[in-house]
Amino acid sequence: MKRHLYFLLVMLATGLVGCNITIKPDPNSVTTNVDSVEVSVNVNVYGDSVAAQPVDLSQCDMVMLDNGKLHFYDTKTATSIPYVAETDSVVNCVFTPDDCLYYCVPAGKGIVLKRVNLTETNPQPELLADWGVEYEKCVTETYGTVSPLEYYASRRMLGLHHDFSWDGYDFREQKLYNMDNGQITDWDYETWQETEPVYISDDQEEMGENYQYVSTADEFAEFLHDENGQYWFKDGDPVCLTNKIDFSQYVSDPEYASDREFSYISSAPDNSKVLYMAILEWGDYPHGILAVSSYDGTFQMPLEDTDCTGFNAKWLDDGSLVYVGEEPLSPDDPDYDANWHYRTHCIKRIYPDGHVEIIAHCGDFQVKQSVLH
């Protein structure tokens, strides 16, 4: 598993990961310049005919990234809508509570911030700011991935990390975009402390650095315990959440194997299941797999095609879990090699009853979670 990770992430970063959705090129595309930054504008956004009915993106609660293209997705109807109005290559994105999607695209040697408002009719890309940093400075030197776009809900700011450092295996600097006045500043401790957080109710919290609503089920985390190589839920009678999974088969290199550790990630909206990582070995980063278990221990599912480093997994309102997984390359794929068993990214959905479905052959996604659980 670990030995495939570098190859997969490089494939993602360089645009080799495919998607099963085809976008028809629009001959009415034109290019203009705004403040010396090249911005593409699509005259005919939604089809071959100017009179075509506009597509409503307001019901889409998820977006997928494929080779720099955005595909909005309605998880209730399983409907995918390619966003052909954006012709630049999108490298990261994040939803905000006002039904906007913020995202970054390379511009020359730099990188700029854009936005699309899903509540508008025929929403168009809006250029917001130049981050004032070279694009290459926003790419990791480990796996070649682009820094994620962070949303700091309590401060009404977006963040973009840059300048990778091997000292901490992470970025050491960050640019901040103020969503109220449009200014770009450098992060520093004093300025950050002086920034006045906006009011967030007790029901709305920040989860990590990216915007996510935290469900009340996350309170269960205090009852989870890592003991003797197993993960336990102790709220009353102890329940083992991992005794049906043979984690030893997921160790990719015995030389790097370590004592098994478990780490909580998140809980399902209905409080029924928990998503966690099983750390099985260490290199520069922890490696292992993600897994899902019900809090009563009857359901235990290892996500065999994941790794603790660089994962993306989010709960949906209906209790489904969406995550970036893998599948073998088809023999028809130009990158297929029977000797190396290369795999490619795909987006999978685990429904509440446990059945799994591939919903797209893409390598990244974001979920809009505007409904509190």
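Coordinates for the structure precede this section.
Residues numbered from 1 in each chain as written. Predicted model: local features only at pLDDT ≥ 70, side-chain atom pairs only at ≥ 80, totals over all residues. Heavy atoms only, no water.

1. Details of the pattern of salt bridges
Step number 1: Enumeration according to the criterion identifies ten salt bridges in this entry.
Step number 2: One salt bridge connects Asp61 with Lys76, and the closest N-O pair in it is separated by 3.9 Å. Residue Asp61 is located in the loop between strand S2 (37-42) and strand S3 (62-66), and its partner Lys76 is located in the loop between strand S4 (69-74) and strand S5 (79-82); the two are separated by 15 residues in the primary sequence.
Step number 3: Asp318 is the partner of Arg349 in a salt bridge, and the nearest nitrogen-oxygen pair spans 2.8 Å. Highlighted residues: Arg349 in strand S23 (residues 343-350) and Asp318 in the loop between strand S21 (313-315) and strand S22 (321-328), separated in sequence by 31 residues.
Step number 4: Its relative accessible area of 4% is what places Arg349 among the buried residues. (Salt bridge = Lys/Arg side-chain N within 4 Å of Asp/Glu carboxyl O. Helix = DSSP H or I, 4+ residues; strand = E, 2+ residues; numbered from the N terminus. Buried < 20%, exposed > 50% of the residue type's maximum accessible area, 1.4 Å probe, protein only.)

2. Considering the nonpolar core
Step number 1: Ranked by size, the top nonpolar core spans 21 residues in total, and within it Tyr102, Ile111, Leu113, Trp131 and Leu158 carry the most contacts.
Step number 2: Listing elements by their share of this core, those giving two or more residues are strand S7 (100-107), strand S8 (110-117), strand S9 (126-134), strand S10 (149-152) and strand S11 (157-165).
Step number 3: Of all the elements, S9 adds the most residues to this core, at four residues.
Step number 4: Once residues within four sequence positions are removed from consideration, Trp131 is found in contact with Cys104, Ile111, Val112, Leu113, Leu149, Leu158, Gly159, Leu160, Lys175, Leu176, Tyr177 and Ile184.
Step number 5: Judged by nonpolar contacts, the second largest core, of 18 residues, contains Ala85, Phe95, Leu101 and Leu118. (Core = buried A, V, L, I, M, F, W, Y, C linked by side-chain atoms within 4.5 Å. Contact = heavy atoms within 4.5 Å.)

3. Concerning empty space enclosed by the protein
Step number 1: With the rule as written, the count across this model stands at two cavities of 30 Å³ or more.
Step number 2: A volume near 40 Å³ is recorded for the largest cavity.
Step number 3: Lining the largest cavity, in full, are Lys273, Val292, Phe299, Trp315, Gly319, Ser320, Leu321, Ile350, Tyr351 and Pro352. (1 Å grid on protein atoms, 1.4 Å probe; cavity = no way out; pocket = protein on both sides within 12 Å on 5 of 7 lines; lining within 4 Å. Points joined across faces, edges and corners; volume = space filled by probe spheres on them.)

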